[in-house]
Amino acid sequence: MKASKAGSDEQFDDEAQMIFAALNLDLGRRERYNALDAIYKHPDTGAQVFVGNRNAASSKEILDANGIKRVVNCTGDMENFFEDDDSMHYMRFRIATWMQTVKEIRSNEACLAFAEPMLEFVDTGLELGESVLIHCLAGAHRAGTTGVIVLMHKLNEPFPEALLKARLLRPVINPIGTLKLYAERYSIALAQTRVSNDAFSSIADHEEEDEDVDEDEEDEEEDVQDSTDDSATLDAAISF
């Protein structure tokens, strides 16, 4: 593979073609390799997240049959096939170019921010009962990695566990090269951010507990003072 292709859409298109060749498939056939597979189902609305390929993205029949109203296009050049249909919602998520977009790749905030619009797009659809297709050419590398990120986000799991689940549901998913690097960085950023948030919440809880203790002590002091005042009043009445 030429160095100029590294970390580019062209690289992952080539990898997709290698998958089709290895499985004796082409874009017009479906055998052991599915056009799309569900990797997540919303517990309340029942809407699902699918990872798939160009076949799924370009077939209105497949989209309608699976209740898909939202599409995350992980390529830089593939068309949004039904963008003129008012019932369909599209978002382009160019995960292959993340290193050019995220200037500080060691920044947790920057790594999380890169995926945030895509995750909000997916979350909104699921809450509305709209299933989502995440696709690239093969539904293996770019879309596969994006699907794993969605699982990390939804299940609060690290990269290895989310990847295992994704592959059980769609075995062809295979984060490679810079895609794997981003998934790993996202996993670290997510974990560290949530630990920080938990620590902050714990501190806030302790502060609330301290405030409650202070209030209880003040109440006790007031009770003691009231008791003292009552005793003084009683003594005065007896003396009288």
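Residues numbered from 1 in each chain as written. Predicted model: local features only at pLDDT ≥ 70, side-chain atom pairs only at ≥ 80, totals over all residues. Heavy atoms only, no water.

Per an unreviewed UniProt entry, the protein carries the name Dual specificity protein phosphatase, putative and comes from Hondaea fermentalgiana.

Asker: Before we go on, may I ask you to explain the nonpolar core in this structure?
Answerer: Generally speaking, nonpolar side chains in soluble globular proteins are found buried as a group. Residues Val72, Met118, Ile149, Met152, Tyr182 and Tyr186 are the most contacted members of the largest nonpolar core, which totals 44 residues. Among the elements that take part in this core, helix α5 (residues 108-127) stands out by supplying 9 residues, more than any other. Formed by 16 residues, the second largest nonpolar core is a distinct cluster that contains Ala57, Ile62, Met78 and Tyr90. (Core = buried A, V, L, I, M, F, W, Y, C linked by side-chain atoms within 4.5 Å. Buried < 20%, exposed > 50% of the residue type's maximum accessible area, 1.4 Å probe, protein only. Helix = DSSP H or I, 4+ residues; strand = E, 2+ residues; numbered from the N terminus.)

Asker: Please explain α5 as it appears in this structure.
Answerer: What sets the pattern is the α-helix's 3.6 residues per turn: residues three or four places apart point alike. Look at α5: 27 Å from first C-alpha to last across 20 residues, which is about the 28 Å you get at 1.5 Å a residue. Along α5, the largest kink reaches about 40° and is centred on Glu116; proline Pro117 follows within four residues of it. Where α5 is concerned, the buried positions are Asn108, Cys111, Leu112, Phe114, Ala115, Met118, Leu119, Phe121, Val122, Asp123, Gly125 and Leu126. Immediately beyond the C-terminal end of α5, within one or two residues, lies Gly129, with a positive phi of roughly 80°. (Expected span 1.5 Å × (residues − 1). Bend = angle between axes of the 7 residues up to and from the residue.)

Asker: Looking at this model, I keep getting lost on unusual backbone geometry. Mind explaining?
Answerer: A positive phi angle is found at Asn156, which is not glycine, with a value near 55°. With respect to the helices, strands and loops of the structure, Asn156 is situated in the loop between α6 (142-155) and α7 (159-169).

Asker: When you look at the packing of aromatic side chains in this model, what are you seeing that I'm missing?
Answerer: Two numbers describe a pair of aromatic rings. These are the distance of the centres and the angle of the planes. Taken as a whole and judged by the stated rule, the model has 4 aromatic pairs. Residues Phe93 and Phe114 carry aromatic rings whose centres are separated by 5.1 Å and whose planes lie at 40° to one another, so their mutual orientation is tilted. Linking Phe93 in the loop between β4 (89-92) and α4 (98-101) with Phe114 in helix α5, this pair joins segments that are 21 residues apart in sequence. Note on Phe114: relative accessible area 14%, which makes it buried. Their ring planes at 80° and their centres at 5.3 Å tell us that Phe114 and Tyr182 sit as a pair that is edge-to-face. You can see Phe114 sitting in helix α5 and its partner Tyr182 sitting in helix α8 (residues 177-239), a full 68 residues away along the chain. Taken together, the ring pairs connect Phe93, Trp98, Phe114, Tyr182 and Tyr186 into an aromatic cluster. (Phe/Tyr/Trp six-rings, centres within 6.5 Å; stacked < 30°, edge-to-face > 60°.)

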